[in-house]
Amino acid sequence: EQTDAVTLTLSNGLKTHLHVNDSGYVAARLVLRSDAITPNGLAHLFEHTSCVGAAGTWSAGEVTQKYRDFIQDGNASTSPGILTWDATFLPHYLPEVIELLASMTLDQRF
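Quick summary incoming for the structure in this document. (Residues numbered from 1 in each chain as written. Predicted model: local features only at pLDDT ≥ 70, side-chain atom pairs only at ≥ 80, totals over all residues. Heavy atoms only, no water.)

As a further point, take the side chain of glutamine 108. Within the secondary structure, glutamine 108 sits in the segment after α3 (94-106). One polar contact links glutamine 108 to threonine 49, side chain to side chain, over a distance of 2.6 Å. Filtering out sequence-adjacent residues up to four positions away, glutamine 108 remains in contact with Phe46, Thr49, Ser50, Ala54, Ala55 and Ser103. (Helix = DSSP H or I, 4+ residues; strand = E, 2+ residues; numbered from the N terminus. Polar contact = N/O pair within 3.5 Å; in protein donor to acceptor, adjacent residues only side chain to side chain. Contact = heavy atoms within 4.5 Å.)

Here the focus is the pattern of salt bridges. Inspection of the entire model under this criterion finds 1 salt bridge. The partner of aspartate 86 in a salt bridge is arginine 29, with the nearest N and O atoms 2.7 Å apart. Note that aspartate 86 is positioned in strand β5 (residues 82-89) and arginine 29 in strand β3 (residues 26-33), a separation of 57 residues in sequence. Assessed through its relative accessible area of 26%, aspartate 86 is described here as partly exposed. On the accessibility criterion, arginine 29 (59% relative accessible area) is exposed. (Salt bridge = Lys/Arg side-chain N within 4 Å of Asp/Glu carboxyl O. Buried < 20%, exposed > 50% of the residue type's maximum accessible area, 1.4 Å probe, protein only.)

Looking now at the environment of valine 31. Structurally, the position occupied by valine 31 is in strand β3. Those residues in contact with valine 31, other than ones at most four positions away along the chain, are Ile82, Leu83 and Thr84.

What the rule picks out here adds up to 2 aromatic pairs. Arranged with centres 5.7 Å apart and planes meeting at 90°, the rings of phenylalanine 46 and tryptophan 85 form a pair that is edge-to-face. Of this pair, phenylalanine 46 sits in helix α1 (residues 42-49) while tryptophan 85 sits in strand β5, and the two are 39 residues apart along the sequence. Both residues of the pair, phenylalanine 46 and tryptophan 85, count as buried. (Phe/Tyr/Trp six-rings, centres within 6.5 Å; stacked < 30°, edge-to-face > 60°.)

Time to look at the sheet that holds β3. Spatially, β3-β5-β4 is the arrangement adopted by the 3 strands of the open sheet, whose pairing is antiparallel. Lying at the two open borders of the sheet, with one neighbouring strand each, are β3 and β4 (73-79). Ignoring which end each strand starts from, the neighbouring axes of this sheet average 10° apart. Bridge analysis of β3 against β5 gives 8 bridges, and the strand direction is antiparallel. (Pairing = 2+ DSSP bridges. Axes fitted to C-alpha atoms, helices over the stretch in contact; angles between N-to-C directions.)

A separate point is helix α2 (residues 60-70). Among the residues of α2, Val63, Thr64, Tyr67 and Phe70 are the ones counted as buried. Angular distribution of buried residues about the axis of α2 spans 155°; they occupy a single face of the element. Residues of α2 that are buried in the fold lie against β4, β5 and α3. (Arc of directions from axis to C-beta.)

As a further point, take a nonpolar patch on the surface. Together, Val6, Leu8 and Leu18 line one region of the surface with nonpolar side chains, adding up to about 240 Å² of accessible area. Residue classification places leucine 8 among the partly exposed residues on the basis of a relative accessible area of 40%. (Patch = residues over 30% accessible without salt bridge, like charges linked within 9 Å, V, L, I, M, F, W, Y side chains within 5 Å. Areas by Shrake-Rupley, 256 points an atom, 1.4 Å probe, with all protein chains shown as cover.)

Where a protein is soluble and globular, its nonpolar side chains tend to be buried together. Counting 21 residues, the largest nonpolar core has Trp85, Leu100 and Met104 as its most contacted members. Counting only elements with at least two residues in this core, the list comes to β3, α1, α2, β5 and α3. Apart from residues lying up to four places away in sequence, methionine 104 is in contact with Phe46, Ser50, Cys51, Ala55, Val63, Tyr67 and Trp85. (Core = buried A, V, L, I, M, F, W, Y, C linked by side-chain atoms within 4.5 Å.)

What is shown is where atoms sit, not what they do.
Spelled out as structure tokens, the structure:
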């Protein structure tokens, strides 16, 4: 059963949309938009390495292990102007997944 959606904008400008259902899982989508994103450019490489490469203070192995430990199902995609990550996970992993997604997307190390 789906309830009404709630939209919140955080103080840093991040817009969040919340939809509650009875699945027992959290589904998250992180979208980065830019005119510079092309399906065959650097963003596409960034997409493919984000779940297995080093990020933040974590090594590539640590990122990979955290992704396996916390995310039930995940994917990333690139299209003109948009880079998207999707993740499904258990609610008690929310802090870990938010930290992981933030590091993978905003602090990836090559």
